[in-house]
Amino acid sequence: TRVRARDGQPQNIMKILVRAKTGAKDTKVVAPEIKLIEDEKPIYTVWVKEIPVAGRANDAIASALARYFSTTLSQVRLKSGATSKLKIFDITGI
């Protein structure tokens with residue numbers, strides 16, 4: 001998907017599915033396996049130390065994704081799944 005930034009230049013948006021694993025020892029992001037035949041959508045798995053209280057786990061997941069994709073936190077946005085373990089994030093500028 002392409003959208004226009006404030007300066008009028010087009011930007012790419014990458015939509016990813018994320019499976020949240022909260023209360024982990026360490027924070028890490030694992031990319032989905034590459035398959036020759038796509039029979040289901042690829043899901044990134046993100047482990048975070050925070051527990052799902054007051055949106056802290058969602059903030060930690062967004063931060064982990066920003067580090068993983070080498071982008072800023074403002075370019076990572078939770079699209080849906082705020083209270084679910086399966087979430088959809090939009091990442092702009094990739």
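Above: the structure in question.
Residues numbered from 1 in each chain as written. Predicted model: local features only at pLDDT ≥ 70, side-chain atom pairs only at ≥ 80, totals over all residues. Heavy atoms only, no water.

K.L.:
Account for the overall build of the chain, with residues named and values stated.
P.N.:
Across its full length, the chain holds one helix and six strands. Counting from the amino terminus, helix and strand elements in the chain follow one another as β-β-β-β-α-β-β. Within the chain, buried positions represent 28% of all 94 residues. The contacts of the chain with a sequence gap of at least 6 include a subset with a gap of at least 24, amounting to 53%. Surface summary for the chain: the accessible area is close to 6,600 Å², and the carbon and sulfur share equals 52%. (Helix = DSSP H or I, 4+ residues; strand = E, 2+ residues; numbered from the N terminus. Buried < 20%, exposed > 50% of the residue type's maximum accessible area, 1.4 Å probe, protein only. Contact = heavy atoms within 4.5 Å. Areas by Shrake-Rupley, 256 points an atom, 1.4 Å probe, with all protein chains shown as cover.)

K.L.:
Can you explain the packing of aromatic side chains? Please cite residues and give values.
P.N.:
By the definition in use, this model includes three aromatic pairs. Relative to Tyr-68, the ring of Tyr-44 lies with its centre 6.1 Å away and its plane at 75°, an arrangement referred to as edge-to-face. Residue Tyr-44 is located in strand 4 (residues 43-47), and its partner Tyr-68 is located in helix 1 (residues 56-68); the two are separated by 24 residues in the primary sequence. Judged by its relative accessible area of 14%, Tyr-44 is buried. Judged by relative accessible area, which is 38%, Tyr-68 ranks as partly exposed. Plain terms: the ring middles of Tyr-68 and Phe-69 are 5.0 Å apart, the flat faces sit at 85° to each other, and that makes the pair edge-to-face. The exposure class of Phe-69 is buried, given its relative accessible area of 17%. Every member of this aromatic cluster is reached through a ring pair, and the members are Tyr-44, Tyr-68 and Phe-69. (Phe/Tyr/Trp six-rings, centres within 6.5 Å; stacked < 30°, edge-to-face > 60°.)

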